[in-house]
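If you want the building blocks of each chain, they are given just below.
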Amino acid sequence: MSEAYIPYAPLDTLKPIADDVWIVDGPEIRMGYLGMKVPFSTRMTIVRLPDDAIWIHSPIAFDETLANEVERLGRIAFVVAPNTLHYWYAPDWKRRFPDTKFFYAPGLEAKAKCALPDGERLSETPPSDWADVLDQICVEGDLLNEVDFFHHPSRTLILTDLIENFEPKRVKSHFWRSMMRLFGAADPDGKAPFDMQMTFWRHRAAIGRAAQQMIDWNPERIVIAHGRWYEEWRCRATSCLPLGSVALQLLCFHNPILSTVGASGICVSESSRFGLI
């Protein structure tokens, strides 16, 4: 099957984005949805902790050359499956590095469609292994549970599927470009697709609290798993407080899920059209 996207080349290569933070863009995957095989670009995030332990978030397809490159950064210590969809390749990384600790999002043990290694379920409280450097918060819905992270030293917010931001110019097929726009996940105003947003309806108050926490962290950049990630920008929305990041502005101004904080006067967005505020 031919690729649907122009990839974020080079693939399977460490790309530094801040001190002790790297991303790795991986190969395209296909996910079954309504009888279709929907294409997704992939990306994992790597953080080096102060003791040189390596923390791998949402691991992409295992590649031995890449694994060796990551190992040169430090001791590979943690593999994290951050939500109930992003876990498939975690067992491969765990097998290659058996001494690593495996952490997974709440609910994954019941939803996983492959065997998972023994591990520890994530919560709102960061494990002592990384609590001095990484903070975290859980966002739970009917379809998806996700744990999001904030790297304090670099002020990097690490999301997975709460924002998807596919660049139309990178999509080869007119059909898939149209679908991305239809579902609201097209750059520059990427967000969780509308169908996913509706699965958070019953949890909107908790999501509002999670969004408030992300705003309070005041990140300078936001890394996401699918599409263009948000580098360091200036906030351009007059309806948001000057948070110092257009990425966070997109999080609270354009993203209907996370805009529930509008009810508290932090920002008001399109989300009112979906009944979320």
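Structure: above.
Residues numbered from 1 in each chain as written. Predicted model: local features only at pLDDT ≥ 70, side-chain atom pairs only at ≥ 80, totals over all residues. Heavy atoms only, no water.

Draft legend 1. Representation of the overall build of the protein chain within the structure. On a plain count of helices and strands, the protein chain comes out with seven helices and 11 strands. Burial analysis of the protein chain (277 residues in total) assigns 56% to the buried set. Long-range contacts, defined here as pairs at least 24 residues apart, represent 56% of the contacts in the protein chain between residues at least 6 apart. Carbon and sulfur atoms make up 53% of the accessible area of the protein chain, which amounts to about 12,000 Å² in all. (Helix = DSSP H or I, 4+ residues; strand = E, 2+ residues; numbered from the N terminus. Buried < 20%, exposed > 50% of the residue type's maximum accessible area, 1.4 Å probe, protein only. Contact = heavy atoms within 4.5 Å. Areas by Shrake-Rupley, 256 points an atom, 1.4 Å probe, with all protein chains shown as cover.)

Draft legend 2. Up close: empty space enclosed by the protein. Tallied over the full model, the rule gives three cavities of 30 Å³ or more. Considering only enclosed or pocket space, the largest cavity measures out at about 90 Å³ in volume. Forming the boundary of the largest cavity are Glu3, Tyr5, Ile6, Pro7, Tyr8, Leu11, Asp25, Gly26, Pro27, Glu28, Ser41 and Thr42. Listed by contribution, the elements that provide at least two residues to the lining of the largest cavity are strand 2 (21–33) and strand 3 (36–48). The class makeup of the residues in the lining of the largest cavity is six nonpolar, three polar and three charged. Roughly 40 Å³ of internal volume is contained in the second largest cavity. Residue lining of the second largest cavity: Tyr5, Ile6, Tyr8, Ser41, Phe166, Glu167, Arg170 and Gly227, and that is the complete set. Looking at the lining of the second largest cavity residue by residue, the classes come out as four nonpolar, two polar and two charged. (1 Å grid on protein atoms, 1.4 Å probe; cavity = no way out; pocket = protein on both sides within 12 Å on 5 of 7 lines; lining within 4 Å. Points joined across faces, edges and corners; volume = space filled by probe spheres on them. Nonpolar A, V, L, I, M, F, W, Y, C, P; charged D, E, K, R; others polar.)

Draft legend 3. Local environment of the packing of aromatic side chains. Applying the stated criterion across every chain, the model contains 11 aromatic pairs. Residues Phe62 and Trp93 carry aromatic rings whose centres are separated by 5.1 Å and whose planes lie at 75° to one another, so their mutual orientation is edge-to-face. With Phe62 in the loop between strand 4 (53–57) and helix 1 (64–71) and Trp93 in helix 2 (residues 90–96), this pair connects stretches of sequence that are 31 residues apart. Assessed through its relative accessible area of 28%, Phe62 is described here as partly exposed. Between the aromatic rings of Trp93 and Phe97, the centroid separation amounts to 6.4 Å while the plane-to-plane angle is 20°, which identifies the pairing as stacked. (Phe/Tyr/Trp six-rings, centres within 6.5 Å; stacked < 30°, edge-to-face > 60°.)

Draft legend 4. Highlighting the environment of Asp189. Relative to the helices and strands, Asp189 is located in the loop between helix 4 (174–182) and helix 5 (194–198). Relative accessible area serves as the criterion here: at 26%, Asp189 is assigned to the partly exposed category.

Draft legend 5. Highlighting the environment of Ala210. Following the sequence through the fold, Ala210 ends up in helix 6 (residues 204–217). With 72 residues separating them along the chain, Ala210 and Cys138 place their C-alpha atoms 7.4 Å apart. Dropping the residues within four chain positions of it, Ala210 is found in contact with Ile137, Cys138 and Val139.

Draft legend 6. Expanded view of the pairing of strand 6 (residues 101–104). Note that strand 5 (residues 75–81) and strand 6 share four bridges and pair parallel. Opposite Phe78, over in strand 6, you have Lys101 as the bridge partner. A crossover connection joins strand 5 to the parallel strand 6 through helix 2; in handedness this β-α-β unit is right-handed. (Pairing = 2+ DSSP bridges. Right-handed = clockwise from strand over helix to strand, strands pointing away.)

This is a description of form; function is not addressed.
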